[in-house]
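A look at the structure
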Amino acid sequence: MSKFDQIRAAESKLLLSTYDRNPILFVGGEGMYLIDEDGHHYLDLLSGIGVNALGYAHPVIERAIINQSRALIHTSNLFYHEGQAELALRLTERTGLDRVFFANTGTETWEGAMKLARAHAGLLRSEGRQIGTKFLALEQSFHGRTFGSVSTTHKAKYREPFGPVVPGVDFVRFNDIEDLRAKFSNDVCAILVEAIQGEGGVRPLTQEFLAEARALATSTGALLAVDEIQAGMGRTGKWCSYQHYGIQPDVTTLAKPLAGGIPLGAILCTEEAARAIHAGMHGTTFGGGPLACAVAIAVIDHIDQDNLLLHATDVGEYFVTQLRSLATKHETIEDVRGKGLMIGVELDSADLAKLTVAEMLKRHIIINCTSDTVLRFLPPYIIERTHVDTAIAALDEIFTQHTAAFSGAQTTHAAGGKHLG
Ligand SMILES: *Cc1c(COP(=O)(O)O)cnc(C)c1O
């Protein structure tokens, strides 16, 4: 039995069968590439689901890990260490928010944001305001897998096996202002959104919808919480995707790329929201440890030093332009959308989308498919135009070879015209 077959057999016996893994064993990485056990290089346009912002084996991350792990890895939050305030300053400056709570993962930050909204509404009630405990979330949203987060995640397949989930969540139709107005009331303690939905198919909110959410929340004292776990930390060319709208939330959450591959999450909020929290109400053992903070500081400083926000904007625009020109050639492409290096390509066939991911992998290029028909690209911020060209050539070849077999029969959008503007 090969080493790979041994590992696969052991996993299938020993692990919960939550994942349907690709049959590849990665043992290393370098820059934009993952390296398998036979030394094959794979161009990674997914960066471990939006995590490896600086790619693999980046010297800045390596140095931060070596230095900090020699000094101090963990203290618990019973004591001070050098990293939290320094990182919090960088995050507050970049998000326009005032205070930070550090956690470990995306879902943990979202749980904390929901608890903060409930606690804040409780504080307002104690001050005589009329405000309830309900949450409004959006259809197609994804906020994580723990109970609170999964309760605000729209897809039934994530919630239903675990029911009853947390009650008091209403889902608003995506970008439907009338539905938002109809469902909003004094009963709502927070409106919960992603400014650009990730899992939901790389779908941006409209300016009007986010502005209305902001106005409604302000009118009652409810919080507007924007989940930036996937879109934040520079991926879209700005530190947070809500900054493209010029609209400030009361709360935001960061995680995936925050510490370049080391688990770290952060909840950020306004001074007003922070009034609701006092010592002992919320906490975490590992969150904001010295190692994760040191790496996050190094990642942020490197993003600034190498102008990677500008680079993400630039290469992202090039990527989208190339994809749109591919769309003029291949009918199967229904839409190309995204900001910076968060890009989705919607196909007219779920089967073709699935096949495309597999065919790309055969060509040693990693992408994924979300919401059945959307090819998703979340490359490291260090991607160059030549990597884009490689991906476009591969997609062109795959669509040329395989579209015929799927067109018509598998169409999922009956009369959908192209939206390439
Ligand atoms: C990935 C993701 C989460 C959950 O993060 P985990 O670290 O997997 O818990 C929440 N919200 C969004 C928008 C995400 O993309």
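Residues numbered from 1 in each chain as written. Predicted model: local features only at pLDDT ≥ 70, side-chain atom pairs only at ≥ 80, totals over all residues. Heavy atoms only, no water.

Observations concerning the packing of helix α13 (residues 350-362) against helix α14 (residues 385-406)
- It is the contact of α13 with α14, at a shortest axis distance of 10 Å, that shows an interaxial angle of 140 degrees. The angle between the axes of α13 and α14 places the two elements in the oblique class. Once α13 is placed against α14, the crossing between them reads as right-handed. Touching Asp351, Leu352, Leu355, Thr356, Glu359 and Met360 of α13 are Ala391, Ala394, Leu395, Ile398, Phe399, His402, Thr403 and Phe406, all from α14. (Axes fitted to C-alpha atoms, helices over the stretch in contact; angles between N-to-C directions. Helix = DSSP H or I, 4+ residues; strand = E, 2+ residues; numbered from the N terminus. Parallel < 35°, antiparallel > 145°, perpendicular 65-115°, else oblique. Left-handed = near helix turned anticlockwise from the far one by under 90°. Contact = heavy atoms within 4.5 Å.)

Focus on the sheet that holds strand β3 (residues 41-44)
- The mixed open sheet is built from 4 strands, whose spatial order is β1-β2-β3-β15. Of all strands in the sheet, those with a lone pairing partner are β1 (26-30) and β15 (365-366), marking the two edges.
- Relative to β3, strand β2 (residues 33-36) runs antiparallel, the two sharing 3 bridges. From the neighbouring strand, Tyr33 faces β3, where its bridge partner is Leu43. (Pairing = 2+ DSSP bridges.)

Some details on the domain arrangement of the protein
- Domain boundaries in the protein define domain 1 (3-57 + 307-415) and domain 2 (60-305).
- Computed from C-alpha atoms alone, the centre-to-centre distance between domain 1 and domain 2 is 27 Å.
- Listed as interface residues are 29 residues of domain 1 and, on the opposing side, 32 residues of domain 2.
- Of the roughly 2,400 Å² buried between domain 1 and domain 2, counting both surfaces, carbon and sulfur atoms make up 59%.
- Taken as a group, Leu309, Met342 and Tyr381 account for 28% of the area that domain 1 buries against domain 2, more than any other trio of residues on that side.
- Joining domain 1 to domain 2, the criterion identifies 2 salt bridges.
- The salt bridge partner of Arg376 is Glu199, with a shortest N-O separation of 3.3 Å.
- In this assembly, domain 1 and domain 2 are joined by 16 residue pairs in polar contact (both at pLDDT 80 or more). (Domains from an automatic or database assignment. Buried area = accessible area lost by both parts, 1.4 Å probe. Salt bridge = Lys/Arg side-chain N within 4 Å of Asp/Glu carboxyl O. Polar contact = N/O pair within 3.5 Å; in protein donor to acceptor, adjacent residues only side chain to side chain.)

Section: empty space enclosed by the protein
- If you walk through the whole model with that rule in mind, you get 1 cavity of 30 Å³ or more.
- Together, His74, Thr75, Ser76, Asn77, His81, Gln84, Thr285, Phe286, Gly287, Gly288, Gly289 and Pro290 line the largest cavity.
- A breakdown of the residues in the lining of the largest cavity according to their chemical character gives 2 nonpolar, 10 polar and no charged. (1 Å grid on protein atoms, 1.4 Å probe; cavity = no way out; pocket = protein on both sides within 12 Å on 5 of 7 lines; lining within 4 Å. Points joined across faces, edges and corners; volume = space filled by probe spheres on them. Nonpolar A, V, L, I, M, F, W, Y, C, P; charged D, E, K, R; others polar.)

Some words on the packing of helix α4 (residues 83-95) against helix α11 (residues 290-305)
- Packing of α4 against α11 leaves a shortest axis separation of 9 Å and a crossing angle of 35 degrees. For the pair α4 and α11, the sense of crossing is left-handed. On the side of α4, the interface is formed by Gly83, Gln84, Glu86, Leu87, Arg90, Leu91 and Arg94, while α11 contributes Cys293, Ala296, Ile297, Ile300, Asp301 and Asp304.

A short note on the pattern of salt bridges
- Within this structure, the stated rule accounts for 23 salt bridges.
- Of the charged contacts, one joins Glu11 and Arg21 as a salt bridge, the two residues approaching to 2.8 Å between their closest N and O atoms. With Glu11 in helix α1 (residues 3-14) and Arg21 in the loop between α1 and β1, the pair connects residues that are 10 residues apart, well separated along the chain.
- Connected through salt bridges with shared partners, the residues Arg203, Asp335, Arg337 and Glu346 form a single ionic network.

Section: the site of the ligand
- Looking at the ligand, the residues that line it are Thr105, Gly106, Thr107, Phe142, His143, Gly144, Glu194, Asp227, Ile229, Gln230 and Lys256.
- Note that an oxygen atom of the ligand is positioned 2.7 Å from one of the backbone N or O atoms of Thr107.
- Alone, the ligand offers 380 Å² of accessible surface; in the complex the protein occludes 83% of this. (Near = heavy atom within 4 Å. Areas by Shrake-Rupley, 256 points an atom, 1.4 Å probe, with all protein chains shown as cover.)

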